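Observations on chain architecture
So the chains spell out like this:
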Amino acid sequence: MITKETAMIEVNPTKPEVQLILLRSHLRLYAVGMRHSRMTGKDLLARVGLILGKTYRRGQYNQAIQDINSFLTPPKEEVA
């Protein structure tokens, strides 16, 4: 059931974090062989590289997924 509070949640697709989450899902599909008709693997890797500041070569989908996961996961605090 959608309540007034949940209806007010806004997802901003221009935020890099949201883009990375969507690109990560797309990369997972691409890595297992599901291709998109309008976006090539090169386009996917270029977009991820633009956001993360890294360069990826052809076929490095799993490396890009790992980099996205490490970017989105907050660092663990060390207990002294």
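Up top is the structure.
Cut-offs used in this document
- Residues numbered from 1 in each chain as written.
- Predicted model: local features only at pLDDT ≥ 70, side-chain atom pairs only at ≥ 80, totals over all residues.
- Heavy atoms only, no water.
- Helix = DSSP H or I, 4+ residues; strand = E, 2+ residues; numbered from the N terminus.
- Expected span 1.5 Å × (residues − 1).
- Buried < 20%, exposed > 50% of the residue type's maximum accessible area, 1.4 Å probe, protein only.
- Arc of directions from axis to C-beta.
- Contact = heavy atoms within 4.5 Å.
- Axes fitted to C-alpha atoms, helices over the stretch in contact; angles between N-to-C directions.
- Parallel < 35°, antiparallel > 145°, perpendicular 65-115°, else oblique.
- Left-handed = near helix turned anticlockwise from the far one by under 90°.
- Nonpolar A, V, L, I, M, F, W, Y, C, P; charged D, E, K, R; others polar.

**With respect to helix α3 (residues 41-52)**
The terminal C-alpha atoms of α3, which comprises 12 residues, lie 16 Å apart, in line with the 16 Å expected from a rise of 1.5 Å per residue. Considered for burial, the residues of α3 that qualify are Gly-41, Leu-44, Leu-45, Val-48, Gly-49 and Leu-52. The buried residues of α3 all sit within an arc of 130 degrees when viewed along its axis, so they share a single face. Along α3, exposed side chains directed more than 90 degrees from the buried face belong to Lys-42 and Leu-50. Where the residues of α3 are buried, they touch α2 (16-31) and α4 (61-72). Following α3 by one or two positions, Gly-53 has its phi on the positive side, about 80 degrees.

**Comments concerning the packing of α3 against α4**
Taken N-terminus to C-terminus, the directions of α3 and α4 make an angle of 30 degrees; their axes are 11 Å apart at the nearest point. By the criterion of interaxial angle, the relationship of α3 to α4 is roughly parallel. With respect to the hand of their crossing, α3 and α4 are arranged in left-handed fashion. Contacts between α3 and α4 involve Gly-41, Leu-45, Val-48 and Leu-52 from the former and Tyr-61, Ala-64, Asp-67, Ile-68 and Phe-71 from the latter. Here the residues of the contact of α3 with α4 are counted per class, giving seven nonpolar, one polar and one charged.

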